[in-house]
Structures are given as C-alpha cells and as structure tokens.
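Residue-level structural notes
Here is how the chains run, residue by residue.
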Amino acid sequence: MVETSGARRKGRVFRVAGPFIIAKDMPGARMYELVKVGDAGILGEVIRLEGETAAIQAHEETTGIRTGEKVVGTGKPLSVELGPGLMGQIYDGIQRPLPRIQEQFGAFLQRGVVPPALDRKRRWSFHPSIEKGAKVSGGDVIGTVQETPLIEHRILASPLLGGIIEDVAAEGEYTVADTIAEVRTPQGRDKLRLMHTWPIRQPRPFSAILPPEVPLLTGQRIIDAFFPLSKGGTAAISGGFGTGKTVMLQSLARCADADILILVGCGERGNEMADVVESFPKLEDFRSGQPLMNRTIIIANTSDMPIAGREASIYMALTLAEYYRDMGYDVALMADSTSRWAEALREVSGRLEEMPGEEGYPAYLASRLAEFYARAGRVSTLGREERTGSVTLAGAISPPGGDFSEPVTGNTIRLTRVFWALDFSLAHRRHFPAINWFMSYSEYIPALANWYEKVGPDWRRLREEAMAVLKEEEELREVVSLVGAEILGDRQRCVFEAVKMLKEYFLLQSAFHPVDMQCPINKTYHMLRLILKFYDKARQAVNEGTSLGQVLALSVKEDLTRMKIVKPERFDEVSKEISQKMDTQFDQLTADTAEGVSA
Amino acid sequence: MSSATQASRTYSTVREVLGPLLFVEAVRGVGYGELVEVTTPQGEERTGQVIDVSEGITIVQVFEGTSGLDTTKTTVRFTGDTVKLPVSVDILGRVFTGAGKPADGGPNIIPEDYWDIHGLPMNPYSRAHPTDFIQTGISVIDGMNPLVRGQKLPLFSGSGLPHKLLASQIVRQARVRGEEEAFTIVFAAMGITTEEARFFRDDFTSMGVLGRVAMFINLAEHPVIERILTPRIALTAAEFLAFEQGMHVLAILIDMTNYCEALREISAARMEIPGRRGYPGYMYTDLASIYERAGRIQGKKGSITLMPILTMPDDDLTHPIPDLTGYITEGQMILDRKMHKTGLYPPIDPLPSLSRLMDKGIGSGKTREDHKQLSDQLYYAYAEGKVIRETALVSGEAALTSNDRLYLKFADRFEKEFISQGANENRDIEGTLDLGWELLSALPESEFSRIDPDIIRKYHPRYRGGNEGDRIVG
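Note that the structure is a prediction, hence the values are computed from the model and not measured.

**Remarks on the overall build of chain A**
- Each helix and strand in chain A was counted, giving 16 helices and 26 strands.
- Taking the intrachain contacts of chain A between residues at least 6 apart in sequence as the baseline, contacts between residues at least 24 apart amount to 70%.
- Split by element, the accessible area of chain A, about 22100 Å² in all, is 51% carbon and sulfur.
- Charge-centre separation for chain A: the mean point of 72 positive side chains lies 4 Å from the mean point of 80 negative side chains.

**Regarding the domain arrangement of chain A**
- Parsing chain A into structural domains produces domain 1 (9-77), domain 2 (119-194), domain 3 (208-445) and domain 4 (459-598).
- Using only C-alpha atoms to locate each centre, domain 2 of chain A and domain 4 of chain A end up separated by 58 Å.

**Structural notes on helix α12 (residues 429-440) of chain B**
- The end-to-end C-alpha separation of α12(B) is 17 Å, in line with the 16 Å expected for 12 residues at 1.5 Å each.
- Every buried residue of α12(B) is listed here: B:I429, B:T432, B:L433, B:L435, B:G436, B:W437, B:L439 and B:L440.

**Looking at helix α3 (residues 194-207) of chain B**
All names here are of chain B.
- For α3, built from 14 residues, the straight-helix expectation of 20 Å at 1.5 Å per residue is met to within 8% by its first-to-last C-alpha distance of 20 Å.
- Those residues of α3 that sit buried are E196, A197, F200, D203, F204 and M207. Taken down its axis, α3 places every buried residue within 130° of arc, on the same side. Turned more than 90 degrees from where α3 packs its buried face, E195 and S206 sit exposed.
- Structurally, α3 contributes buried residues whose contacts are with α2 (163-173), β16 (184-192), β17 (213-219) and β18 (248-254).
- G208 occupies a position one or two residues after α3 and carries a positive phi of about 75°.

**Section: unusual backbone geometry**
- For the peptide bond that leads from B:I254 to B:D255, omega is 5°, which places it in the cis range.
- By the element assignment, B:D255 lies in the loop between β18 and α5 (256-269).
- The omega angle of the peptide bond from B:Y345 to B:P346 is -10°, so this bond is cis rather than trans.
- Tracing the chain through its elements places B:P346 in the loop between α8 (337-341) and β22 (354-355).
- Even without being a glycine, A:D25 presents a positive backbone phi close to 60°.
- Examined against the element boundaries, A:D25 turns out to sit in the loop between β2 (20-24) and β3 (33-37).
- Judged by its relative accessible area of 38%, A:D25 is partly exposed.

**What to know about the sheet that holds strand β16 (residues 188-193) of chain A**
Residues and elements named next belong to chain A.
- Pairing is antiparallel across the open sheet formed by 4 strands, whose spatial order is β10-β13-β15-β16. Of all strands in the sheet, those with a lone pairing partner are β10 (135-137) and β16, marking the two edges. Sheet twist, expressed as the mean angle between neighbouring strand axes with direction ignored, is 40°.
- The pairing of strand β13 (residues 162-168) with strand β15 (residues 179-185) spans 4 bridges and is classified as antiparallel.

**Describing the pairing of strand β20 (residues 260-268) of chain A**
Residues and elements named next belong to chain A.
- The element β20 is largely enclosed, with a buried count of 9 among its 9 residues.
- Taken together, the 7 bridges between β20 and strand β21 (residues 296-302) define a ladder with parallel strand orientation. Along β21, the bridge assignment pairs V264 with I299.
- Assessed by its sense of winding, the connection that carries the chain from β20 through helix α4 (residues 270-279) to β21 is right-handed.

**Focus on the sheet that holds strand β13 (residues 147-148) of chain B**
- Taken in spatial order, the 3 strands line up as β13-β12-β15 (chain B) in an open sheet, and their pairing is antiparallel. Only two strands of the sheet have a single neighbouring strand rather than two, namely β13 and β15 (175-176) of chain B.

**Focus on the interface of chain B and chain A**
- At the interface, 87 residues of chain B touch 79 residues of chain A.
- Across the chain B/chain A interface, buried area totals approximately 6800 Å², and carbon plus sulfur atoms make up 53% of it.
- A per-residue breakdown of the area chain B buries against chain A is headed by B:Y32, B:Y125 and B:Y327, which together make up 12% of the total.
- Across the salt bridge formed by A:D304 and B:R127, the nearest N and O atoms sit 4.0 Å from each other.

**What to know about the pattern of salt bridges**
Residues and elements named next belong to chain A.
- Evaluated as defined, the whole model comprises 80 salt bridges over all chains.
- Note that E311 is salt-bridged to R368, the shortest N-O span being 3.8 Å. Here E311, found in helix α5 (residues 307-326), pairs with R368, found in helix α7 (residues 365-373); they are 57 residues apart in sequence, far enough to count as distant. Across the pair, R368 and E311 agree in class, each one buried.

**Re the environment of A:L415**
All names here are of chain A.
- Structurally, L415 is set in helix α8 (residues 407-415).
- With 288 residues separating them in the primary sequence, L415 and H127 have C-alpha atoms 42 Å apart.
- When residues no more than four places from it in sequence are discounted, the contact partners of L415 are T234, A366, L369, A370 and Y373.

**Notes on a negative patch on the surface**
Residue and element names in this part refer to chain B.
- Taken together, the side chains of D90, E112, D113 and E244 define an acidic patch exposed on the protein surface.
- Locating E112 in the fold gives a position in the loop between β9 (95-97) and β10 (113-116).
- For E112, a relative accessible area of 49% corresponds to the partly exposed category.

**Some thoughts on a nonpolar patch on the surface**
- Together, A:V479, A:L482, A:V483, A:I487, B:L393 and B:V394 line one region of the surface with nonpolar side chains, adding up to about 590 Å² of accessible area.
- When contributions to the nonpolar patch are tallied by element, the ones reaching two or more residues are α11 (459-483) of chain A together with α10 (371-395) of chain B.
- Mapping A:V479 onto the fold places it in helix α11.

**Structural notes on the confidence of the model for chain A**
- Overall, the prediction assigns chain A a mean pLDDT of 90, with 97% of residues at 70 or greater.
- Overall, residues 1-7 of chain A carries pLDDT values under 50, and its contacts beyond four positions in sequence, including any with other chains, amount to 22 contacts.

**Quick look at the pairing of strand β12 (residues 151-156) of chain A**
Residue and element names in this part refer to chain A.
- Of the strand pairs in this sheet, strand β11 (residues 141-148) and β12 are connected by 6 bridges, and their pairing is antiparallel. Each bridged residue has a counterpart across the sheet, and for T144 the counterpart in β12 is R154.
- Here β11 folds back onto β12, and the loop between the two strands holds 2 residues.

**Things to note about the confidence of the model for chain B**
Residues and elements named next belong to chain B.
- Averaged over every residue, the pLDDT of chain B is 90; the share at 70 or more is 96%.
- Predicted confidence is poor over residues 1-7, with pLDDT under 50, and the contacts of this stretch with residues over four places away or in other chains come to 4 contacts.
- Predicted confidence is poor over residues 467-474, with pLDDT under 50, and the contacts of this stretch with residues over four places away or in other chains come to 0 contacts.
- Reported confidences for the modelled complex are a pTM of 0.89 and an ipTM of 0.83.

Parameters at a glance
Residues numbered from 1 in each chain as written. Chains lettered and ligands numbered in written order. Predicted model: local features only at pLDDT ≥ 70, side-chain atom pairs only at ≥ 80, totals over all residues. Heavy atoms only, no water. Helix = DSSP H or I, 4+ residues; strand = E, 2+ residues; numbered from the N terminus. Contact = heavy atoms within 4.5 Å. Areas by Shrake-Rupley, 256 points an atom, 1.4 Å probe, with all protein chains shown as cover. Lys, Arg positive; Asp, Glu negative; His and termini not counted. Charge placed at Lys NZ, Arg CZ, Asp CG, Glu CD. Domains from an automatic or database assignment. Expected span 1.5 Å × (residues − 1). Buried < 20%, exposed > 50% of the residue type's maximum accessible area, 1.4 Å probe, protein only. Arc of directions from axis to C-beta. Pairing = 2+ DSSP bridges. Axes fitted to C-alpha atoms, helices over the stretch in contact; angles between N-to-C directions. Right-handed = clockwise from strand over helix to strand, strands pointing away. Buried area = accessible area lost by both parts, 1.4 Å probe. Salt bridge = Lys/Arg side-chain N within 4 Å of Asp/Glu carboxyl O. Patch = residues over 30% accessible without salt bridge, like charges linked within 9 Å, V, L, I, M, F, W, Y side chains within 5 Å. pLDDT = per-residue confidence, 0-100.

This is the structure in structure tokens:
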C-alpha cells in the first residue's frame, strides 16, 4: 500500500487484544483511515471512533505491542497502487508483493518495512496517445504500455481529473513514478504518472451500466448449458468441504473467456495457494498459448495470515478489477472463500463487542455482502472514447456443516443471480463438477436467450427437455428405492438410461483431462443435442415394441460415451457422423422389429 | 521500555482471579503476548501469557491453572519476552510435559536456540506444493485417498473407535517410496488418558523408533490451559527439526477436541461473545495458526506432515471442531462407527473421506498411471453399490436388476477384501491397485466411464490374464 503524506497526528496505544488495538488521543482521526501503530509501525485501519478514542484493526501481528506506544495517523484511507506491473503479481491482502517479501525476508512473513506494490525501478515503454492542449477528463486514455504480451495497459486519467494537457512525455521508457503528463486544472496543475492510487473501499465510477446479455463462457458443460453466468454477473458457489469448490474455481479461472483473472485466496489453505502459485505460471492460456499468468493477478491471504488482511483482500481485489474494467477489459474475479471473509468480519465485530446478529455474525453482514456484489457489472466506462468493460464476481461459500440455511449462504444467494450448489452425494461418488442440477439456478437465462439462439436455435427446448428428464428420473428413483427396479417397464427404464447418459457422458466433466477440461459452447450444444436425440429415438423405438436391451446394445452408444474426449476441432465432423450413424442404426432396429412383429 | 528494571515489572496488583485468568491492575509497558511468571502465595512458580493489555487492566492466562492464587499475595512478573521453546536435536527420544519441560526424569535440554512457539505465517509464495506420495500400506488410504508429504490430513474419529491403532499402524508403515529415511515423529497429546499415552509410548518402543520420537504429553489430569501451548510447542519443535535440520517430520496431534474445549474455557472466562456452540468466533483462525504450520518450503529439504486426530462429539461431522478443521486441512479420513461395529478394520469410510492433495502425488512416475481413474471408478462403484444395498434392504434382492446385483456384490467384496486388512498388514501400492482392478472386473466393462479405454486395455485383468497365464506356464 502506498504511504502518502497527510496531516500526521500522534496518539498512543491504550489497549491491545489480538488483532485489535485501542488508541487514545486521536483527535481528527477518520473512519477507515490508515494508521501506523507502535515503534514497529504496523499498519492498521480505524474501524470505530468514540470521541478521541479510535479502535484500530491491525493488518499485521500485534505481539509485543505495548501500551503507551505511539499511533500515527496518515490522513489517508487504505489504498491500492494502480499502474503497470500488477499483472502476474502475487500479493497478500494489503497488496504487499509476496515474491519480493521472500527475497528480503525468507520463507516466513515477518513484520517490518515492506517493498511497494509496484516496482519503482522497472521501466515501461510508454506510447502517448494524447496531445498537448487537449482537453482531458476522468477515464481518458493518456497513452499505453504493453504490460504483458497479452495485456495492453491503458494509462487512464484518474476518474476525478479534468483539465487541459499542458505537457505530455515523449514515447520512451518510464518508471511508474515518473511524470508522463501535466494537466492544468481549475485548482492548479496536476502531474500524471503511470500509476495512481485509489481507496479500496470506494467503488470506481463509470458512465452507465449495461444489461447482462453476453455470457461469460466457462467451458464447463453444466454451467454453460444449464446455469450460465453473464459478463458482469454475480455467482455464488456453495458447498461443504470436499465438494470440489476449489477445483471448480480453478477450472473456471483457466477456462472462462475473460480477459483478466483475479484470484483471491481469502483465508484459504497455504498448500492450495502454493499449488495455484506454482501451477498458474506453467498453465497455458487456451486462446493465445501464452502463460496464463500474463493475464492473472493472485491475492493470497492464507488462513494463518493476519485476519484484517483477509477482510481487506476482497476490497483490494475489487478495486484492481474495476481498474482493468475501466480500461475496457472483461475481468473475472473469483473469491475463495467469502465465508472466510465473513468470519473475519465476525471476529473483528466480536472484538469490538458489537451486538451480534445471527450466529454471531454482525448485523451489517448483509449490507457488506451487498456492497461487495454490487461492485460487479458490465458498464460503459468513463472517458471520451466508447469502451465497455465488466467485472464478473464468483464467490465461493463454505457453509459450516454444509448447511445452506446459515447466514452467509442465505444472504449471499439473495444477492447473486447465479447459484451453483455443490452436493456431497455427487462428490462422494466422484461426480465432478458436483453441481446439483435441482438446487442450482441462473437468473440470466432470459437475458442471454438471444445470444444462445445464435449457437443453436433449439437451445431452450434442449435445456428444458434435459431438466425434465432429470426430474422424472428423480421421481422414479424414489419409487425404486421403495419397491426395487425390477418392477419398471422398458419405458421407465429408458428414462433411467437417458439420465445415466446425461450424467456420465455430459454432466460429468474432468478438470484434469487435457481435452475434457475445456468444452467450447458449440461442442456442449451438440453433445447435449445428440444425447437427447438418442433418448428421443430410444423412447420411440421402445414404444414401437423394440426391447430396451437391443437399443442399449447399439454401437452408437459407445460413440456417445467417448464424445467428451474428442478434440473440439474435430467435433463438428464427429458429431455429424454420430448423428448419421444413430439414424441408420435406429432405422435398422425399427425395421427389424417390424419384421419380427409381422413374422 | 527496555530500561525497566526487574523490580518495576513485578506487580502484586491482581484484582480478580476468574477461571484460568488473572486480571492485573495498573500495569505499564507490557507487551501483548508477553510471557509472565506468576508466584503463588505458597511460593510456587507458574507461567502465563498476556492475552490483553490496556492501561487499565492486563489479562494473563495461567497455563497451570489458577487454583491457590489470590488477589493479595500473588505476584506477577512480566518477563518482557514471548513464550519460547529451547530447541535442539536432543529432544528426540525424550518425553516432555505439555508445556515443554522434561517429564522423563532426564536432564534439561541444552538448547541450540530459542524459538517463539507461535511461529510466523509462511509466505504462501515460498511454500512448495506437496507431491511426494507416502505409502502407508493401507489400501483404503493409499488407493482411495493417498497422503503426500507436507499434507495435513486429520483422522475424524469417535470415542471407542480404533484411531489409536490406525495412527500407530501409519507411524509404523509410512514411507516415501524409494527413500530409506523414515519419518521423525513429533507427538503431541492433549488431555488424553494415561492409558492412551502409555499405548503410544509402548508402541513406539516396540517399533524401535523411540529414538526418532519427541513426545509432548498433556494428560487428562494435567492443567487444561496448558493444552493451548502443547500443539504450538510441538509444532515449533517440528519446524526446527524439519526446516533447520532437514528431517521429514510426521506430527501427530491427539486429541484436538480437548484443545478446542480449552479454547472455549478461556473464551468463556473472558466473557467473549460466543460463536457456534459456545466456541469462540476466532476458533477458525486459531486452528489455522496450528494446522497451517504443516508443509514444505522451497529450497529446504525437510517437511512437516500433520495428522491431527479428533473425536467428533456424538459422531457429528457438522460439529464446529471437525467442521472448522475440515475447512483448514487438506481432506479428512473419517472413521465410521457402523463399519467398526461390523468388525471391519480399518473402519475408514472412503465416501466422505478425502485427500485434497492426492492428484499431485499419484500417477505415472509417482504411483501408477491408472491410479486416479481407477480410484474414481472404485468410488463410483462403491457409492452405487451402497445405494443399491439400501434398496435391497427395503424391497429385497429379488427386486434388483442383474446389473444392480453385480454392484451389490462388488460393494460387499470391496469392504471385505479392499478396505479390510490386518493391523500389521502392509500392502504396497501395486498390490492395492491390482486388487482394485480385480474387484472391478466383476462389473461389465461398459460401466467404466471414468477410465480411458487405453488404461482399461493395459490394466484390466481380462487383458492382462494372458500374461499371467504365461508366467504360470513359464
């Protein structure tokens, strides 16, 4: 985080209890002001004021802090540094670069002075795109920097700025701190640099919000086909431990068609974060073949790191996402997990001795969650040129005991418009992604209808048909669990077989198989169409007197089994073949049956 | 405040004694987390730690308990230091109290260094992801939920279930394949009975591994608040052995339920607002500060593999202790009472059990290329078999289809042959996987939707049968 000069006031430590400090003699302190506590200068934020007494949450370990030590206000809120150099970085919850901390301090996180978020020495090649004398207002592009091979970083005038360009730097190499333009404003002269700062708790402004009519394709069949997410949308993934939340978020991160990914590990496991940190730089981007890290920012706040950083990490990630949105990019932000974040709120609230709400969570839990999800959206940005960008939020929830009625899940699903419910019983039989198709939903389907119709005109019918057969099987299964499967006739067994095919050949998707892990929307469409076509024909054949056994013995069923591992570039061809083969084999079967009957 | 003299840091201003806590008045210049020496009116020395400082009241938790303390004669000395453990390789082969003092009649440790028992959070960027498969020789673990070095994998047990026997079998058999070096064991006991402590000690002795074990024992009759220290002390020792001495440490913490009870007791004494079932709202963070000390560090040889054992109150998986533990650890092994009652050992139910790090530790070059897909298929088949078993219970086996009957038979054999094994039986991973194939081969091949056709052709007994026949002839 950036240290900014401001009115410096000194108070003193009155009390320390865990990550929570009370300071006295703090006149003029403001809510969410950044303060430095003690001789060690640990960072904290003011979270409550009473007269001249301030309650502070510390972003670092407080062991050893004594009463009477000084507390210095910086006069500024907790802010992020925005500029080239963010991409590919790994930060902690308050934007400290973890790789550089390792260089300086080794493998354990120690208290003390930390390197700035953006490297002050690195030079970037800047191409100005504005001229002297031009009028400039918030969000205008001053110039560009190629941040990574995948991301052109547009240097934006800070949203609050307005004036006339007096001077602009020539094309050349600059550090983030160098002045690249000077602006005459009504208040005087302002210097523009490659970087600027923005308070993390304040949403960045935009010009207008756009309807959610473009899907954020995820490459996951069950999501793209049944519970789609839109660009700028919000989704909650909920499931007890072991239901595959983390793997699913990682699959989404790898396969979603967003320009930029921001992953927040909020109170998560160190070893899993290590896996992300180790594997992401090796992963290839599906579209460009470049390392995925060239368009990814990781925020790692593991469960053993200070709790206040966990609370801040979510806001920091949002601000970074909004910054890239303002450049005109589609950003996907995945937070794992928002329950850990809510628990951080609860812990801080408990220390403040606030009146607890449901299950000890503070009464403002719902409004904080609402503030978080309200920062998603597809927008047209500030600035003179037309740009649209989006921030899509997917938050994982870890309900205690897998109980969906608990406050964090309850409040979240009121706010998000897509709900992916992960299910223990699916996970136990290693059916992944373990998204329960009865409990999950997407409210974006109507808004996305036009888009889907372009992929296949019968999308809606397929979706409804698939859901109907899944439902029918569920009901039959209840009957069977009472009386056994033996009483079923071929017609009902046909339903069972269709659902088995849907589950095994379509819904089941491996996150590790090189081909299966990413399923393009066209392939998803045709796979679903073929399976339902088989069901349709099977039902018809059975109605006409063919035995189900004969239908299931058709060799085309084998082809359906293997569809998921057919490479997408070959799939169009393969799907045509399967479709024809299906027609031929069923025709043959019906002919044989007719013959048998007439004979 | 370093200029403060010894005398000025000694106070006899105890205002209140409440549960395990002392409330001391008018204390100046004391740091949060500081180590405290408490002298009872009888002259007995105890230790404590500052858990809240303010200009008004400073709160000290006393590890040995507060019985006998008063508000007039008790004195409190603030040491200006945090709680530290003397570390040395000499701790191996020794037994300590839950507070880290020698308990075997042996001499004090001559320390190489003093380490803060709270440790520091590991930089997630510096961690190395665990990838070395540990062969425990137990099929249901190795085949279905393999453990890797640097993982934290708890045993969720219940009272009366054989978690001790299982833990001891794991200690005895666990090896990283291709490496001779056995694990160094750090054993921390919190609130277990003398009987249980003796079981482990005798067991380590009979295995001949006592020289590689450091034991930290807080028994049921020992001070409750000491349990707050025990896992931290043990893990500090583990960190020293792993990251300073390059050893591979297997740390066993038993029983975390007792630890959490102690945490709740302190929280209640502080009159904090309770979270679920009276446990403090910060229990997740507190448990994380213990469990997250497992792992590997890039560029360092050693590792800490952590196996906390906890007894679920009332076998309830959603109780806050197993629940929060499960959200921090990388999976869990669940001991099932029903399986135990039918005489199965080890009674690990593979369905709700999970090892989150298995994918990186298995496969070709680690175990065998078919491992992942085979285990997925076994999972599916066993889950299916169990559902069918329920149906058969209600409507009788006659109501099952022929395919259903195959699954039912599979589930029975899977339990009797794959899960079940002797407490001294050590199966290698190839044996475990081949056994899995053998059981699966009773099902029609068209059911194997989780296995690639190439893998089926390579490992399915039907295709390998020819080779075996050759061998018999040859």
